[in-house]
Amino acid sequence: MARWRSASYKARERINQRYAPHNDLLHHRTIYCNDLEKNKQFSFKGNSISTTKYNVLTFLPKGLFEQFRRVANLYFLMISILSATPVSPVNPITNAVPLVLVISVSLIKEAYEDWKRFFNDKTINSTMVDVLRDGHWRKLPWRRLVVGDIVKVHKDSFFPADLLFLASTNQDGVCYVETSNLDGETNLKIRKALERTWDYVDEERAKEFQGEIQCEQPNNSLYTFTGNLIIGKQTLPVTPNQLLLRGCSLRNTEFIVGVAVFTGHETKVMMNAMNVPSKRSTLERRLDMLILILFSILFIMCFIDSICSGIFINRKYWYLGLTSDVEDQFNPGNRFLVACLTFLTFVTLFSPIIPISLYVSIEMIKVFQVTQFINKDVKMYHKETNTPALARTSNLNEELGQVEYIFSDKTGTLTRNLMEFFKCSIGGVIYGKGVTEIEKAAARRNGTGIEEMESPAESHEKYFNFDDDRLMRGAWRNEPNPELCKEFFRCLAVCHTVLPEGDELPEKIVYQAASPDEAALVTAAKMFGFFFFRRTPTSIRVRESHVEKIGRMQDVEYEILNVLEFNSTRKRQSVICRYPNGRLVLYCKGADSVIYERLMERHNPFKDTNRDHLEYFGAAGLRTLCLAYRDLDINAYEMWNEKFVQAKSALRDREKKLDEVAELIEKDLILIGSTAIEDKLQEGVPVCIETLAKGGIKIWVLTGDKLETAINIAYACSLMNNGMKQFIINSDTKEIRDVEDRGDALETAQVIERYVAERLNESLRQAVESEQTQTGLELALVIDGRCLMYALDPELRGTLLKLSVMCKAVVCCRVSPLQKAQVTSMIKDGAKKITLSIGDGANDVSMIQAAHIGVGISGLEGMQAVMASDFAIAQFRFLTDLLLVHGRLSYLRISKVVAYFFYKNLMFTLTQFWFNLYTGFSGQRFYDDWFQSLYNVVFTALPVIIVGIFDKDVSITNSRKYPQLYKAGIENIFFRWRILIIWAISAVYQSVILFFFPIKAIEEGKNSSGRMLGLWDAGTMAFTCVVVTVNLRLFLACNFITRWHLISIFGSILAWFIFAFFYSGFRNPLDKQGNIYQVIFVIMGTWYFWYAIVLVPVASLALDFLHEGMRRWFAPYDYHIIQEEEKIKGVERDELLLVESPRQAPEQSLELTGLHGEMSKHTGYSFDSPCFDSFFASQEGVSMSQRSYDIARRASMRVSRRQSSDLGSDSPPPGHNSLI
């Protein structure tokens, strides 16, 4: 009982929070129109804007601060400073030059980008606009505009600030605005000035205007505005309908006049101009950990060598000259000080272990991947809308190759967001004979046939795909309820905010609607004979035909008294209108849940029947709305309207008060019927989802639709199937409905919470049992928004998480934008999995920003999702290319690049470490300073970049044909610690070979004059072997070799020789001691050098060659097997086309006959791949256990094949049968 008392308390708190008053508006802004002197006292911000990050004074300090926030840059700054001290064995300039080069490149890039921003700002600030000054219109630049100025904006011009709309050249104070720069929506919006200000159009009237504006403080809410305009003693409420936002443009209007309310950085568009939250990839965070490990290795090596140096140093080594006056670093009398100073010496000597060029190289690779591969991929180009793919960041390329969970919106993401009026229910009768795609899919799923009837051509129009002779062409007059049909059509024609454009003819008019649903409903009214063709701020005109007599038409003007607008909380829209005969009617349309709550208890005989029809529509995948009306008494309406005007004039909590007033009149409604609109699936969605699922990706659908609609969409797009065990948690149960009917919100909350807890625990128990007893059974979870609200509570969140991660598919219906973000965060933070969210509307922004990767679809709901995303595509099916091709290859390439950097720098540093074992831990350098300095930035820099750009394990076609390859990224196979340990072992082995072989050669070697070779001869020879070995090692790492690989690898080796010739060929100031002078020519004159640069790299790479061969032979990666197939069949053309998944035959024997009968002939590293056949069996859906293979078995199979071939037998060889 204590638990439920706690739940009761939480439920009461939730209810109290929901209805608690908000005090968002603590202060208001006062503006005096057309009065500069009075406004000066408020010190409003000017209209000049600046989007730059730097100015002349702050560029250098701020830019350097940004660069040295990177740990690697800060580390090399410390090394450069340390190398200038006496303890350093290297020339400080050799450490400073690479650092200066890297920092300079970054600063130049920052300066160039900021200069472009400055130039754009200057252009915008210099744009001219008409401003009323000294009683005359004067053209002034935008930057000189101030709050309170009266401005005139002409057609097709942008608004210079947030303006209060006063008047326009159009009748009734109307103007048309395009908001595409704000939200991406190209449909025009109507804005209406207050009737009191309509006549302030010309110069004479405008200069007389004096008023006071009291409004909210500047904020970033684009769709809200609260304020009052005071003219004389009259106070007029101002709404968002009178606000013209900066960044929008004027259309279809000669000019408008307005007052500047917010300017510059206080405008709503500028307050929204914040950067999308910065995201870092998981691999990049692991890279930071790798850098820390390298720091640890550096510390250990320095610590060991410094301790050994303190122990080793002794005056008994008389040849070292350690006299009493020797410097402190070599004074045996203070071994502790010797160890400390030598520690700093080794820090500078071993500093190359941290690669200075790593971050720059990775950034170059990522930028190239984005600009040349993703953005220019013609297979992700949508020809119909002329929309290419767009990567808005290069930070997350490799993250695309590790996605395990996709969270998808439905409308406009899985579907086309091209709404068509398809069916309806009027007075308890269903109209419409069409069959939806969902119904066809359900019929195929159940194995039943369905008869599909073709609609007559005249019933097809954009937004309208309805066929039923009972309603078309005036036949509705013969229906049992013609008056109710008439109310239905009038509700469609009147209750909306659609704007008509063009000629007032049914075939030529164009409807500008806020959503495709609105356009579909108004188009349906037109097709039924109620043609809406004109709108003014106070009326709507409808051309009604077939009302009284067939063939007769009548233009009817409905006076619009009030519009109670739709929002995500109300989920409904109402219009109060007056008929020409004086009748007052409230028309309301909205979600069934909110309409049914407001129906009159009596006089609604079709209530239950209509609910059944709604369930039928939902099962068919249709979007539904309920329509209702109410006749109003004039006296009751006037009393209500007074309250409405008061709420509309409130400066504080206006939206809440308007909602409360709307509740007073939106009641006792009479149900008319319901509409059903079809939103068809996008092309290729089922195949895309099926392909991604084979790649190990789990897809969740988060939608605001009804449960039945969401489930059927999931079936239609192959997200769910009949073979899945489904757990459905739905608040629409009889028990919950009975409690709701009693009207006790607290009791309802308690019942729902108890129900959700029981269902979650029971579902989890069944899921665990199913997983243990039924191998291979797939699970699916369906939960609605009300239940999800309680399931996300801390007490139940863990249970929900455990259940959901066990499911292959999850569908959340009736969810809010906040819940979408909460579900995404639950998996991201709770399950620690890589997540991707994809959506197309403003309601998906929070979900997109909550995920590791956000993908926006540039659809019909504007560009809000795109502007908040990391990647933008035009169609859902393009996710196949984005993830399976670009994401997987980016992950493979970046993983290889990072591991290679780790290997080559560790190996190079270890050769210095071994050398100091030979020199008594003295801190003597093995290589010349410039050799060490240019090792990373010149001699080994370009090849790894080429690999990071062009490396490819299999063809693009096979990347899609075998989506199972993607699982390597999900499991992080190529960047786990085991891989890095293998690279580290290789580095240690090679460092031993690369150091001791040249040293042994030098000990016995003599130059052409008979002299022994010295330190710099050994160091130069060893460095040559290092450069050759490190560059050739990339051939073993590459899967795909192009001419760019060859040019970069051999070019880097050639660059070393060219540098060595020039550097050691002349005495130069860079080599003050003359250590390297003529060294390269001396050692090249000996046979030891040529012997070493051939045998040492071969011996160094032997272990890697053996490892790669053993890997391919005994434990091949999946891509190794695909490479074998490509070798056998020949590599297919790399066309970026979606390849259908291999078709599964009904019988296993038939499947096995389709498997590859030939064994591999590809010898990637001189070895064949053994697990070839079992892999392809798994691709075809054949269950085969992994078995061990050996050379003898493979050889026997080949012998068997040859014998069978010689005998001409058609039976499979014995070796082949052993695979089954």
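Not measured: the values here are computed from a predicted model.

Q: When you look at the overall build of the chain in this model, what are you seeing that I'm missing?
A: Check the secondary structure of the chain and you find 42 helices and 35 strands. The 1220 residues of the chain split such that 55% are buried. Considering only contacts within the chain whose residues lie at least 6 apart along the sequence, 74% involve residues at least 24 apart. Of the roughly 53500 Å² of accessible surface on the chain, a fraction of 56% belongs to carbon and sulfur atoms.

Q: How should unusual backbone geometry be read in this particular structure?
A: Phi is positive for N34, close to 60°, though the residue is something other than glycine. Summarising the element assignment, N34 is placed in the loop between β1 (28-32) and α2 (36-40). Residues other than glycine seldom take positive phi values, yet R814 does so here, at roughly 55°. Among the structural elements, R814 can be located in the loop between β32 (809-813) and α25 (817-831). Given a relative accessible area of 31%, R814 falls into the partly exposed group.

Q: What's the story with the packing of aromatic side chains in this structure? I'm lost.
A: Ring pairs (aromatic) are described by centroid distance and by the angle formed between their planes. This structure, assessed with the given rule, holds 70 aromatic pairs. Between F299 and F303 the ring centres are 6.0 Å apart and the planes differ by 15°, which places this aromatic pair in the stacked class. Taken as a pair, F299 and F303 lie in helix α9 (residues 282-312) at a separation of 4 residues, close to a single helical turn. Overall, F299 belongs to the partly exposed group, its relative accessible area being 47%. The exposure class of F303 is partly exposed, given its relative accessible area of 44%. In this structure, R583 packs its charged tip against the face of Y579, placed 4.9 Å from the ring centre. The ring of F1040 is capped by K952, whose NZ or CZ atom sits 4.6 Å from the centre of that ring.

Q: In this structure, what is going on with the UniProt feature "binding site: Mg(2+)" (unreviewed entry) in the chain? I would like to understand it.
A: According to UniProt, the positions carrying the feature "binding site: Mg(2+)" (unreviewed entry) are D409, T411, D840 and D844. In three dimensions, the annotated residues from a span of 436 residues occupy one location, with a maximal C-alpha spread of 10.7 Å. As for its placement among the helices and strands, T411 is situated in the loop between β15 (405-408) and β16 (415-426). Accessibility expressed as a relative area gives 8% for T411, which makes it buried. By the element assignment, D844 lies in the loop between β33 (835-839) and α26 (845-850). For D844, a relative accessible area of 0% puts it in the buried group. Apart from residues lying up to four places away in sequence, D844 is in contact with D409, K820 and G839.

Q: I tried to follow a nonpolar patch on the surface on my own but got confused; where do I start?
A: Taken together, the side chains of M289, L292, W977, I981, I985 and L1103 make up a nonpolar region of the molecular surface, amounting to roughly 580 Å² of accessible area. Going through the elements one at a time, α9 and α33 (977-1004) are the ones with two or more residues in the nonpolar patch. Counting residues per element, the nonpolar patch draws most heavily on α33, which supplies 3 residues. Position of L292 relative to the elements: it lies in helix α9.

Q: Would you mind showing me how to read the sheet that holds strand β10 (residues 234-238) here?
A: Pairing between sheet strands relies on hydrogen bonds along the backbone, with the strands arranged either parallel or antiparallel. Taken together, the 4 strands give an open sheet; going across it, the order is β1-β8-β9-β10, and neighbouring strands pair in antiparallel fashion. For this open sheet the edge positions go to β1 and β10, each flanked by a neighbour on one side alone. Averaged over all pairs of adjacent strands, the angle between their axes in this sheet comes to 20°, without regard to strand direction. Of the strand pairs in this sheet, β1 and strand β8 (residues 212-216) are connected by 5 bridges, and their pairing is antiparallel. Paired with I31 across the strands is I213, a residue of β8.

Q: Would you take a moment to explain the sheet that holds β15 for this structure?
A: On the basis of which strands lie adjacent, the open sheet formed by 9 strands has the order β14-β35-β34-β33-β15-β29-β32-β31-β30 and mixed pairing. Each edge of the sheet is formed by a strand with only one pairing partner; in this case those strands are β14 (390-391) and β30 (725-729). Its contacts with the sheet put helix α28 (residues 879-918) on β15, β33, β34 (853-857) and β35 (871-873), and the angle it makes with β33 is roughly 160°.

Q: Quick question: what am I supposed to make of the environment of A968 here?
A: Structurally, A968 is set in helix α32 (residues 967-970). Between the C-alpha atom of A968 and that of G696, which follows or precedes it by 272 residues, the distance is 9.5 Å. Apart from the residues lying within four places of it in its own chain, the contact partners of A968 are Y891, I973 and F974.

Q: Just checking my understanding: could you explain the side chain of H886 for this structure?
A: The residue H886 is located in helix α28 in this model. A distance of 2.7 Å separates polar atoms of two side chains, one belonging to H886 and the other to D377. With near-sequence residues (within four places) excluded, H886 lies in contact with F373, I374, D377, M380 and D881.

Q: What am I meant to see in the packing of helix α4 (residues 71-83) against helix α10 (residues 335-349) here?
A: The relative placement of two packed helices comes down to the angle between their axes together with the axis-to-axis distance. Where α4 contacts α10, the two axes come as close as 9 Å, and the packing angle between them is 125°. Here α4 is positioned oblique relative to α10, judged by the angle of their axes. In terms of crossing hand, the pair formed by α4 and α10 is left-handed. Mapping the contact onto sequence places Y75, I79, L82 and S83 in α4 and L344, V347 and T348 in α10. Of the residues that constitute the contact of α4 with α10, the class distribution is 5 nonpolar, 2 polar and no charged.

Q: Sorry if this is basic, but what is going on with the confidence of the model for the chain here?
A: Interpretation of the predicted coordinates at a detailed level should be avoided for regions scoring low in pLDDT. On average, residues of the chain carry a pLDDT of 80, and 84% of them reach 70 or more. In the model, residues 1-26 has pLDDT below 50 throughout and makes 29 contacts with residues more than four positions away in sequence or in other chains. Across residues 1133-1220, confidence stays below pLDDT 50; counting only partners more than four residues off in sequence or on other chains, it has 145 contacts.

Q: Can you help me understand the environment of K832 in this one?
A: Checked against the element boundaries, K832 lands in the loop between α25 and β33. Judged by relative accessible area, K832 falls into the exposed class, the value being 66%. Within the structure, K832 has its side chain in polar contact with the backbone oxygen of D829 (distance 3.3 Å).

Q: Mind showing me how you'd approach the pairing of strand β9 (residues 227-231) here?
A: Working note: regular strand, side chains alternate between the two faces of the sheet. Among the 5 residues in β9, 5 count as buried, and that is most of the element. Bridge analysis of β8 against β9 gives 4 bridges, and the strand direction is antiparallel. Across the sheet, the residue bridging to C215 is G227, located in β9. Where β9 and β10 come together, 5 bridges link them in antiparallel fashion. Counted as the bridge partner of I231 is Q234 from β10. Linking two consecutive strands that pair antiparallel, namely β9 and β10, is a turn of 2 residues; a positive phi of about 65° is found at G232 within it.

About the criteria used
Residues numbered from 1 in each chain as written. Predicted model: local features only at pLDDT ≥ 70, side-chain atom pairs only at ≥ 80, totals over all residues. Heavy atoms only, no water. Helix = DSSP H or I, 4+ residues; strand = E, 2+ residues; numbered from the N terminus. Buried < 20%, exposed > 50% of the residue type's maximum accessible area, 1.4 Å probe, protein only. Contact = heavy atoms within 4.5 Å. Areas by Shrake-Rupley, 256 points an atom, 1.4 Å probe, with all protein chains shown as cover. Phe/Tyr/Trp six-rings, centres within 6.5 Å; stacked < 30°, edge-to-face > 60°. Lys NZ or Arg CZ within 6 Å of the ring centre and 35° of its normal. UniProt positions renumbered as here; feature names shortened; annotations may be inferred. Patch = residues over 30% accessible without salt bridge, like charges linked within 9 Å, V, L, I, M, F, W, Y side chains within 5 Å. Salt bridge = Lys/Arg side-chain N within 4 Å of Asp/Glu carboxyl O. Pairing = 2+ DSSP bridges. Axes fitted to C-alpha atoms, helices over the stretch in contact; angles between N-to-C directions. Polar contact = N/O pair within 3.5 Å; in protein donor to acceptor, adjacent residues only side chain to side chain. Parallel < 35°, antiparallel > 145°, perpendicular 65-115°, else oblique. Left-handed = near helix turned anticlockwise from the far one by under 90°. Nonpolar A, V, L, I, M, F, W, Y, C, P; charged D, E, K, R; others polar. pLDDT = per-residue confidence, 0-100.

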